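Each chain is listed here by its residues.
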Amino acid sequence: MLRKWPPVIVKDRQCTKPYTLQAVKKEERDIEIKLDDTIWIPTFAIHRSPENYTNPDKFDPERFSEENKGSIKPYTYLPFGVGPRNCIGSRFALLEAKVLLFKILLNFELIPTPKTRIPMQLAKDGFNHTAQGGFWFGFKKINHKLK
Ligand code: HEM
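Residues numbered from 1 in each chain as written. Predicted model: local features only at pLDDT ≥ 70, side-chain atom pairs only at ≥ 80, totals over all residues. Heavy atoms only, no water.

1. Let's talk about the overall build of the protein
The secondary structure content of the protein amounts to two helices and six strands. When the elements of the protein are put in sequence order from the N terminus, they spell out β-β-β-β-α-α-β-β. Computed over its C-alpha atoms, the radius of gyration of the protein comes to 20 Å, more than 25% above the 15 Å expected for a compact globule of 147 residues. The C-alpha extent of the protein, read off along each of the three principal axes, is 65 × 40 × 30 Å. In the protein, which comprises 147 residues, the share counted as buried stands at 17%. Considering only contacts within the protein whose residues lie at least 6 apart along the sequence, 58% involve residues at least 24 apart. Summed over its atoms, the accessible surface of the protein is roughly 12300 Å², and 61% of this surface lies on carbon and sulfur atoms. In the protein, 25 positive and 16 negative side-chain charges are present, and the distance between their average locations comes to 9 Å. (Helix = DSSP H or I, 4+ residues; strand = E, 2+ residues; numbered from the N terminus. Rg over C-alpha atoms; globule rule 2.2 N^0.38 Å. Buried < 20%, exposed > 50% of the residue type's maximum accessible area, 1.4 Å probe, protein only. Contact = heavy atoms within 4.5 Å. Areas by Shrake-Rupley, 256 points an atom, 1.4 Å probe, with all protein chains shown as cover. Lys, Arg positive; Asp, Glu negative; His and termini not counted. Charge placed at Lys NZ, Arg CZ, Asp CG, Glu CD.)

Structural data, given as C-alpha cells:
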C-alpha cells in the first residue's frame with residue numbers, strides 16, 4: 001500500500017557539497033547540483049516506474065514477501081524516506097497500522113455509506129496523497145458466536 005500510495009509523494013534534500021549527477025542514458029544530460037540547491041526526490045514516480053516494478057499499478061503485496069523482497073532495487077522503495085533523516089516513527093507507524101487493521105477487521109465489516117466515493121478520487125488540494133472529501137465508510141459489527 002505504501003508503495004502504490006505513498007502519503008508523502010516527494011522528499012527534499014539541500015545540497016551541502018556540489019555534485020554532478022552523471023547521465024546514464026543517451027537522451028539524458030549531466031545535472032550539476034550546486035551548494036544550497038534544494039532537490040526533490042520523486043517518491044511517487046520512483047514507486048510507479050516500470051523500470052523499478054513490473055506492472056507498477058498493480059497492488060501486489062507479494063512483491064514484498066520473504067521470497068521476493070530481495071529483488072527490490074535499493075532506494076526504489078521510499079515511503080519513509082532514506083538516510084540519517086528518514087522517518088523516526090516508521091516502525092511505530094507500521095505496528096500501529098497493523099494493530100488497528102487487525103482489531104477493525106476482526107470485529108467489523110467495512111461497508112460503503114452515502115458519503116463514500118466509489119471509485120475513490122484523489123484530493124486535488126494539498127500536497128500529499130489523500131482522498132477527495134476524506135475517507136468515509138461504515139462499520140458493521142460482526143457478532144462472533146462462541147461454540
Ligand atoms: C505511515 C505513516 C508515516 C509515513 C508514511 C511517514 C513518512 C515520513 C517521511 C517520508 C519523512 C521524511 C523522511 C526523509 O526526508 O527521508 C518522515 C519524517 C519524520 N517522521 Fe514520519 N511518517 C509516518 C509516521 C510517523 C509517525 C507515527 C511518527 C512519530 C510517532 C513520525 C515522525 C517523523 C519525524 C519526527 C520525522 C522527521 C525525522 C528527521 O527529520 O530526522 N512519522 N516521515
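2. Concerning the coordination of the iron atom of the ligand
No protein donor other than Cys87 (SG) coordinates the iron atom of the ligand, and that contact is at 2.3 Å. Considering the arrangement of structural elements, one finds Cys87 in the loop between α1 (43-48) and α2 (90-107). (Donors = N, O, S within 2.8 Å, 3.2 Å for Na, K, Ca; no water.)

3. Points about unusual backbone geometry
Note that the residue after Ile118, namely Pro119, is joined by a cis bond; omega there is -5 degrees. By secondary structure assignment, the location of Pro119 is in the loop between β5 (108-111) and β6 (138-141). Notably, Asp36 is not glycine yet its phi reads approximately 75 degrees, a positive angle. Secondary-structure assignment places Asp36 in the loop between β3 (31-33) and β4 (38-41). At Tyr75, a residue that is not glycine, the phi angle is positive and equals roughly 65 degrees.

4. Digging into the side chain of Lys4
Here Lys4 shows up in the segment before β1 (11-14). Of the side chains with opposite charge, Asp57 lies nearest to the buried Lys4, which makes no salt bridge, at 6.3 Å. A polar side-chain atom of Lys4 sits 2.9 Å from the main-chain carbonyl oxygen of Asp57. Setting aside chain neighbours within four positions, we find Lys4 in contact with Phe44, Arg48, Asp57, Lys58 and Phe59. (Salt bridge = Lys/Arg side-chain N within 4 Å of Asp/Glu carboxyl O. Polar contact = N/O pair within 3.5 Å; in protein donor to acceptor, adjacent residues only side chain to side chain.)

5. Looking at the site of the ligand
In the vicinity of the ligand lie 15 residues, with Lys11, Arg13, Gly81, Arg85 and Cys87 positioned nearest. One of the side-chain N or O atoms of Arg13 is found 2.6 Å from an oxygen atom in the ligand. Arg85 is positioned such that a nitrogen or oxygen atom in its side chain is 2.7 Å from an oxygen atom of the ligand. Breaking the shell around the ligand down by element, the ones donating at least two residues are β1 and α2. Class assignment for the residues of the shell around the ligand results in nine nonpolar, three polar and three charged. (Near = heavy atom within 4 Å. Nonpolar A, V, L, I, M, F, W, Y, C, P; charged D, E, K, R; others polar.)

6. Topic: the packing of aromatic side chains
If you walk through the whole model with that rule in mind, you get four aromatic pairs. For the ring pair Phe64 and Tyr77, a centre distance of 4.8 Å and an interplane angle of 50 degrees mean the geometry is tilted. Taken together, the residues Phe64 in the loop between α1 and α2 and Tyr77 in the loop between α1 and α2 connect sequence positions 13 residues apart. Accessibility expressed as a relative area gives 30% for Phe64, which makes it partly exposed. When its relative accessible area of 33% is taken as the criterion, Tyr77 is described as partly exposed. Ring centres of Phe108 and Phe139 lie 5.3 Å apart, and the angle between their planes is 90 degrees; on these two criteria the pair is classed as edge-to-face. Of the two residues, Phe108 is situated in strand β5 and Phe139 in strand β6; the sequence distance between them amounts to 31 residues. Owing to a relative accessible area of 27%, Phe108 belongs among the partly exposed residues under this scheme. Grouped by ring-pair contacts, the aromatic residues Phe108, Phe137 and Phe139 constitute a single cluster. We note Lys115 situated over the ring of Trp136; from NZ or CZ to the ring centre the distance is 3.7 Å. (Phe/Tyr/Trp six-rings, centres within 6.5 Å; stacked < 30°, edge-to-face > 60°. Lys NZ or Arg CZ within 6 Å of the ring centre and 35° of its normal.)

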